[in-house]
Amino acid sequence: MKCREVTRTLSEAQERPLAVGEQVAMRLHLAMCSSCRNFRRQVTFLRQSMQAYARRADDDPVGVGD
């Protein structure tokens, strides 16, 4: 896999399960490419941040805590 394919696949992995072949190819690439590993960390951080924000919004839907 090339970097462009890996970043696209990492993004898609947030929405769908990856096929075994995709997982293997991505792991091999990530083992060698620090830029794509960094992108994976960023995607993970953004997803966790948005989930935390959504939980907070569910806890305080009217914005009373602002």
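Residues numbered from 1 in each chain as written. Predicted model: local features only at pLDDT ≥ 70, side-chain atom pairs only at ≥ 80, totals over all residues. Heavy atoms only, no water.

**A short note on the nonpolar core**
Core analysis: the biggest nonpolar cluster contains seven residues, these being Val6, Leu10, Leu18, Met26, Leu30, Cys33 and Cys36. Elements with a minimum of two residues in this core: helix H1 (3-12) and helix H2 (20-32). If we ignore the near neighbours within four places in the chain, the residues touching Cys36 are Cys3, Val6, Thr7, Leu10, His29 and Leu30. (Core = buried A, V, L, I, M, F, W, Y, C linked by side-chain atoms within 4.5 Å. Buried < 20%, exposed > 50% of the residue type's maximum accessible area, 1.4 Å probe, protein only. Helix = DSSP H or I, 4+ residues; strand = E, 2+ residues; numbered from the N terminus. Contact = heavy atoms within 4.5 Å.)

**A few points about the environment of Ser49**
In this fold, Ser49 is placed in helix H3 (residues 34-59). Given the relative accessible area of 24%, Ser49 is considered partly exposed. Reaching out from Ser49, the side chain makes a polar contact with the backbone oxygen of Phe45 at a distance of 2.9 Å. (Polar contact = N/O pair within 3.5 Å; in protein donor to acceptor, adjacent residues only side chain to side chain.)

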